[in-house]
Amino acid sequence: MLSRPKPGESEVDLLRFQSQFLATGAPPAVQLVKKGIRRGGSTNPDRPLQQDDRDMVMLDGTMTCEAPAPRDRVAQPLGSSHSFQGPHLVTGKGLSGHEAEQEAQTIHEENVARLQAMAPEEILQEQQRLLAQLDPSMVAFLRSHSHTWEQAGEKVLEEQRPGGPSVPVTQEEPVMSASAREPRQDNELEPGAPALKLPVAPHKEWLHMDTIELEKLHWTQDLPPVRRRRTQEKMQARFSLQGELLAPDVDLPTHLGLHHHGEEAERAGYSLQELFHLTRSQVSQQRVLALHVLSLVIGRAQAGEFEDRLPDSVLRLLLDAGFLFLLRFSLDDRVDGVIAAAIQALRVLLVAPRDEELLDSTFSWYHGALVFPLMPSWKDKEDEDEEEPPADRAKKSPEERRRPPPDLARHDVIKGLLATKLLPRLRYVLEVTCPGPAVVLDILAVLIRLSRHSLESATRVLECPRLIETIVREFLPTSWSPVAMRPTPSLHKVPCAAAMKLLRVLASAGRNIAARLLSSFDLRSRLCRFIAEAPQELSLPPEEAEILSTEALRLWAVAASYGQGGDLYRELYPVLMKALQAMPAELSVHSPRALSMQRVAALLTLLTQLTLAAGSSPAESHRESAEALPTTPSSVTWTQVSGLQPLVEPCLRQTLKLLPRPERWRNLGPVPTACLLFLSAYYQAWSQQVSLCPEDELQDMERLLEDLLQPLLCQKSLGSLWDSLRLCSPLCNPLFCAPAPEALPSLVSLGCAGGCPQLSLAGSASPFPFLTALLCVLNTLAQIHKGLCGQLAAVLVAPGLENYFRQCVAPGPAPHLTPFSAWALRHEHHLQYLALSLAQKVATFHPVPATGAALYHAVALALLSRLLPGSEHLAQELLRSCVFRLEFLPESTSGGPEAADFSDRLSLGSSRDPACGRGALLAQACHDLPSIRNCYLTHCSLAQASLLASQALYRGDLQQVPTLLLPAPQEPLLPTDWPFQPLIHLYHWASDAPSGLAPTNTVGTAMRVLQWVLVLESWRPEALLAVPPAARLARLMCVFLVDSELFRETPIQHLVVALLAQLCRPQVLLSLRLDCPLPGLASFPDLYASFLEHFEAVSFGDHLFAALVLFPLQRQFSVTLRLALFGEHMGALRALGLPLTKLPVPLECYTRPPEDSLALLLLYFRALVTGALRPHWCPVLYAVAVAHVNSFIFSQDPKSSDEVKAARRSMLQKTWLLADEGLRQHLLHYKLPSSSLPEGFELYSQLPPLRQQYLQTLASGVLQDVVLET
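Residues take numbers from 1 onward in each chain, read along the sequence in its written order. Under the rules for a predicted model, residues below a pLDDT of 70 receive no local features and side-chain atom pairs below 80 are neither given nor counted, while totals for whole chains, interfaces and linings still include all residues. Hydrogens are left out, water is left out, and the side-chain values use all remaining heavy atoms of the structure.

Things to note about the environment of His785
Using the following cut-off: Comment: elements are numbered from the N terminus, with helices defined as DSSP H or I runs of at least four residues and strands as E runs of at least two. Should any heavy atoms of two residues lie within 4.5 Å, those residues are counted as being in contact.
Within the secondary structure, His785 is located in the loop between helix H35 (768-784) and helix H36 (789-792). Leave out the neighbours within four places in its chain, and His785 touches Leu698, Met701 and Glu702.

If you want it as structure tokens, here you go:
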């Protein structure tokens, strides 16, 4: 029995099958019959079938479908004359024998007549149109044949017609179908309808064409030309099959497969809506194609290709349209191709490859294994929950409060996916379907991204039934068949580096997860298997073996970060020693491979963690809190790691030789950084060994400094690294931290799609990792050996470091807090903190220059306000050491207080008591710095659990490290107004306490805060630039709201007066805005209303309290504040007895420009007339009210409304008729404000002529009114 053709057979195989079939002589299963072509009406439709009629295919006699014979295209030369001798390609084959020649000749004559009737331009245009529709490969094929025939000089004979005429072939010209030229039947078109230009005229004899519906044949016409829209109407974006955005007016050939029968059929490409429609097709190939194109579109969008070409975010549109759940539904498809395409699209959507490369390449940096979770902020969700009434929220059960997956996905894509049971489906695909290598790698990449989301997501990945077991069993086997260089058809039962990386990322999420991985999945044997052998001996492709070995070392390093996995050290000790001994030779290679350097750095990082584990013991662990984790004895002892330094130090020497050669230095990657960090951990662990003699360690440190570090500090190449800090700093270059083009709040990524520039913090030329590690070593040496501080101070005087610090504290835009900026700023904060820590250690034994000390203090203040979650230990150490360190306030000993007094005398123009002047207050504040520090350490305390975890990480107490995932960086650790934080705590404490009871030591806390704020206002004003002047005023007002006695204390009064004077400076008044949103304050008018109530209740005419009440009433501020006093708190006017000479701002600030609020003017006039506002009760506001009423009644603004004019006339009439002659004199004869006069203003001795004339006119009108009334 003959075999049938199978998929994949070539044409040669088909011809061979045909020869075999013909040789057997078996009867065919398909009978071919001929049916004549009907033309014009001369053919009898009832004529019986003939053998020579057109081809008809009859399958088992049940179905008949016409197979039209293909028509070849005729080629002709272009020119003014045409010499067509006979038909060339149209042979008549398929027609009856006696009609074949005649029919072919008729067709040929018709073609010749049509071509002769056309102009050459028309022929050329038609030819170009057909060429655009044909496949270029077919056109090239035909032209190559034509060229061959012309070169041979032969005539092309007509096929199947011997002796027929020939036609020279020069250029291709299409021939219209004969059936297209025949007249259409009358009943084919409705009367008045335009004729359809179809390429083939339909016939009723064709299958399913009994009733011809012409409206359904529109798609067979030629495409209309692409129209260029000149309007501003938005057009639908269309994409090619490669995910490229096509221009709206692009005209592409149809053979590319980009035209279809949907909307805008003339435009090439597919819209997102059409691609979504294709994903629901019944044809699996169309579903695969649609998912593939969508994944390409997403990839290009994330790369920023559409940023300037589309108004909206493509990714946001897709997610809003439900693309996430479309992928999830596609994962449940039965077709493997659809599942593979869906997983590929899911990886493109979730995983940013450059992000993973960045995190992997920085693993060996200073605390590089610690990363922020890639999860969005849930502030929006909390805001929505707050809008719901508390009673309704309380009624809901936990099940009702559980959000559905679409709701979760709107705020967090990862959580929404996990809610759809994604993990069990991925496990099923891996375990049951056994997909190809690409699908396996995509699934592992997706699982790595899910594990980076949060501790909760990592736990769900770990606890998914049989998921980790399947991955470890299938993709981390201990024995496998050797894999050649070529791509393997399956990754099952073959070690995979991505699987090892997944376990490493899972272990980074928490110490409990790491312990479960080591104990439950037999990872110890696998780590031994992949570390014991060199990468070239693993029977894997070289690159994959290198990455697998690196990831195994990193996984062990992560476990060692928790104090786990130490028992492997004894088993693999010979392997590690052998690798260390071979490391100098590996580093001496001229062009070391990047993967090899990453493996070397991972090995050094592992040894660093093992050394720290040997240095920390349970007895020395910090057990200060009940929240401390239980500790177990470390399985690594100091004796086992004490011999590592002689092996690592030569590696460092080898790398430092390449520092003057930038290209070779960059090729080393993180190896020099890892060497320095190992030395720091080594000496730190050595110092904790109480049983050893400390003199040996001190002598070894001196040897290291003399032989290795001092020559390094003197190199010019190191100076160039310091100089490049400013070029690579995110703080100095905020544009480095710009959000990614397709950044979405619900799908967090670092945004490294385009890669990191060479001169950036994460670039190949970045000096940050090496300099941070160098400062770490120097800090360790200075902390243990105090005698080396003088020699180590040379680092701090590097010009590049000083210039970098100056630019960091210079006013300028700060980087926006994005996932990438949080990651980058954390590493920059490490360098700044270590430099400041070294500076304060040096300052203890050696004097620091005044300029340098002030710069260090400014950097410490700026760094304290920028530190992110996870750096709680650094914040506490800054508060303890640098921020309140007297050595970093050189102004205290270099005439700073005296200069402050002199400045006040020049600006205020009056002399104060020297005992309460600003200079004396500053001197007292410097004396009280220890008390001020204790106050801020108490009130700026951080969360205890976070502080303990941070301390364990930075101190190297591995037994207390809970996780390598940092808290989510939603905002900095301390608020921007942290100097006022204790005062705000007092205010909230007093507000929440029953009966308004204030906490103990209120006076001391308030005084320390005011002292520190005065120091910052006077000597470090840049530290308060982030706090608006209006916010500072609001914080000062809180002093008076704490209780009824605090503001009466003399030290408090002096400090508030000094701070209020700083707010009253002209340059500060110009930037004072009370109507803008203020941090930590719902509304300033509400605060002012509370302030007025408290003033009425407890002030008893206190002048300082009154000055603060009057301060917001200046003309430049909102009229709402003045209306609050004159409309709702008229009783407070009697207690505002502040003399005009003690007013902190000029009186003109209240009187200019003239008041334009009619309601307030009426309140002013009522208060004056009724006697509620008198000059001896409230001299300031009396002068202000008189000035504004006088300006109003004598104003001649023609643009005033009728209401204002009537009110002005009425007020002037009432003023003219006032019985109080003194008030009448003041209102009518007011001239200018003057604080030196008792009344607060000057008076006209005689009114100007215009006003006098105006009053006379008014007086006559008043008399007439009186006569009429009588």
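A look at the packing of aromatic side chains
What counts is decided by this rule: Ring pairs shown here join Phe, Tyr and Trp side chains whose ring centres sit within 6.5 Å, with only the six-membered ring taken for Trp; geometry is labelled stacked below 30 degrees between planes, edge-to-face above 60, and tilted in between. We call a residue buried when its accessible area falls under 20% of the maximum for its residue type, exposed when it is over 50%, and partly exposed in between, using a 1.4 Å probe and counting protein chains only. Whether a charge lies above a ring is judged from NZ of Lys or CZ of Arg, which has to be within 6 Å of the ring centre and within 35 degrees of the ring normal.
Enumeration according to the criterion identifies 30 aromatic pairs in this entry. On the basis of an interplanar angle of 70° and a centroid distance of 5.0 Å, the ring pair of Phe1047 and Phe1105 is categorised as edge-to-face. In this pair, Phe1047 sits in the loop between helix H47 (1029-1041) and helix H48 (1050-1063) while Phe1105 sits in helix H51 (residues 1103-1110), placing the two residues 58 residues apart along the sequence. Overall, Phe1047 belongs to the buried group, its relative accessible area being 1%. Classification of Phe1105 as buried rests on a relative accessible area of 0%. When the ring centre of Phe1192 is taken as reference, the NZ or CZ atom of Arg1208 above it lies at 5.3 Å. Lying over the aromatic face of Phe1194, Arg1251 brings its terminal NZ or CZ to 4.4 Å of the ring centre.

Observations regarding H51
In terms of residue burial, H51 counts as a mostly covered element, since seven of its eight residues are buried. Where H51 is concerned, the buried positions are Leu1104, Phe1105, Ala1106, Ala1107, Leu1108, Val1109 and Leu1110.

Observations concerning the packing of helix H22 (residues 511-520) against helix H23 (residues 523-532)
Condition: To define axes, lines are fitted to C-alpha atoms, for helices over the stretch in contact only, and angles between the resulting N-to-C directions are given on a 0 to 180 degree scale. Comment on the angle field: the value is read as roughly parallel under 35 degrees, roughly antiparallel over 145, roughly perpendicular from 65 to 115, and oblique elsewhere. Residues are grouped as follows: Ala, Val, Leu, Ile, Met, Phe, Trp, Tyr, Cys and Pro are nonpolar; Asp, Glu, Lys and Arg are charged; every other residue, Gly included, is polar.
Closest axis-to-axis distance for the H22/H23 pair is 6 Å, and the angle between their directions is 80°. With respect to H23, the axis of H22 lies roughly perpendicular. In this structure, H22 contributes Leu517, Leu518 and Ser519 to the contact, and H23 contributes Leu523, Arg524 and Leu527. Split by residue class, the contact of H22 with H23 holds four nonpolar, one polar and one charged.

Description of the packing of H48 against H51
Inclusion rule: If you view the pair so one helix is near and one far, a crossing is left-handed when the near helix is turned anticlockwise from the far one by less than a right angle, and right-handed when it is turned clockwise.
At their nearest, the axes of H48 and H51 sit 11 Å apart, and the two run at 30° to each other. With respect to their mutual orientation, H48 and H51 come out roughly parallel. Our pair here, H48 against H51, has a crossing hand that is left-handed. In this structure, H48 contributes Gln1053, Val1056, Val1057 and Leu1060 to the contact, and H51 contributes Leu1104, Ala1107 and Leu1108.

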